[in-house]
Amino acid sequence: MPDYSIESEAGGRVAGVDEAGRGPLAGPVLAAAVVFLTPPSAALAALLDDSKKLNAARRDLAYLALMEATRLGQVDCAIAAASVAEIARLNILRASHLAMARALWRLRLPCELALIDGNMAPALPGPVPARGFRCIIGGDALSLSIAAASILAKVTRDRAMARLDRRFPAWGFARHQGYPTAEHRECLARLGPTPHHRRGFAPVDQAWLPLQPALAG
């Protein structure tokens, strides 16, 4: 289970940063940054873990608790995205870093140190935390602020895909959130891509190929 020891030892305004949605074939990539302004209560900490280890109901419960802590002035958090167009232009890694950087820029006050889940810090123009970045592999299972960021990013992205499902119900976005499940691949082959599918991803580009003669004509 993650704890608050990394943040406590670092001291100051420490932000945990994580992303959701690098693997899907459709939809934006989301990122969140979370700063605990006071050490999280035992009740809040007990709700937080790597978002991949939580079911949807537990993620929603943790999300609501984080929003309430933000309302009470105990947490500073921000959520940001990189669009499908930006993913196509930059590639998914750089687009996820852009979303992370945007989340950091949207915090009410700049953080002094950013804890990044993974092994690579965002390498993009813009403000850099005064004490830089610290990359932590598996950070969402070690750091409470990274775990909180993973939950905010995941819940926000899932809700965005549920809204997309209402516009494109035949593709099943609410069920697979754009990930390359068997159902999603079958829909791509049968129906073709939507404008929200990611060009440059092989299954999407392969689904575009049969459409090219019709588009050209």
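Everything below is about the structure printed above this text.
Calculation notes
Residues numbered from 1 in each chain as written. Predicted model: local features only at pLDDT ≥ 70, side-chain atom pairs only at ≥ 80, totals over all residues. Heavy atoms only, no water. Buried < 20%, exposed > 50% of the residue type's maximum accessible area, 1.4 Å probe, protein only. Helix = DSSP H or I, 4+ residues; strand = E, 2+ residues; numbered from the N terminus. Arc of directions from axis to C-beta. Contact = heavy atoms within 4.5 Å. Phe/Tyr/Trp six-rings, centres within 6.5 Å; stacked < 30°, edge-to-face > 60°. Lys NZ or Arg CZ within 6 Å of the ring centre and 35° of its normal.

Structural notes on helix H8 (residues 182–191)
His184, Cys187 and Leu188 are the residues of H8 that are buried. Buried residues of H8 fall within an arc of 100 degrees about the axis and therefore sit on the same side. Across from the buried face of H8, at angles greater than 90 degrees, the exposed residues are Ala182, Ala189 and Arg190. Buried positions along H8 lie against helix H7 (173–176) and helix H9 (202–208).

Digging into the packing of aromatic side chains
For the structure on display, the rule yields two aromatic pairs. Seen in terms of ring centroids, tyrosine 4 and phenylalanine 36 are 6.0 Å apart; in terms of plane orientation they differ by 85 degrees. Their pairing is edge-to-face. Linking tyrosine 4 in the segment before helix H1 (5–10) with phenylalanine 36 in strand S2 (residues 29–36), this pair joins segments that are 32 residues apart in sequence. Phenylalanine 36 matches tyrosine 4 in its accessibility class, with the two residues each being buried. Each ring, one from phenylalanine 168 and one from tryptophan 171, has its centre 5.9 Å from the other, and the planes form 85 degrees; the classification is edge-to-face. Given a relative accessible area of 15%, phenylalanine 168 falls into the buried group. Take tryptophan 171: its relative accessible area is 14%, and that puts it in the buried class. The lysine or arginine in question, arginine 159, covers the ring of tyrosine 63, its NZ or CZ lying 4.5 Å from the ring centre.

Considerations on the side chain of serine 150
Tracing the backbone through its elements, the reader meets serine 150 in helix H6 (residues 144–167). Ignoring sequence-local partners within four residues, the contact set of serine 150 consists of Asp18, Asp49, Asp50, Ser51 and Asp140.

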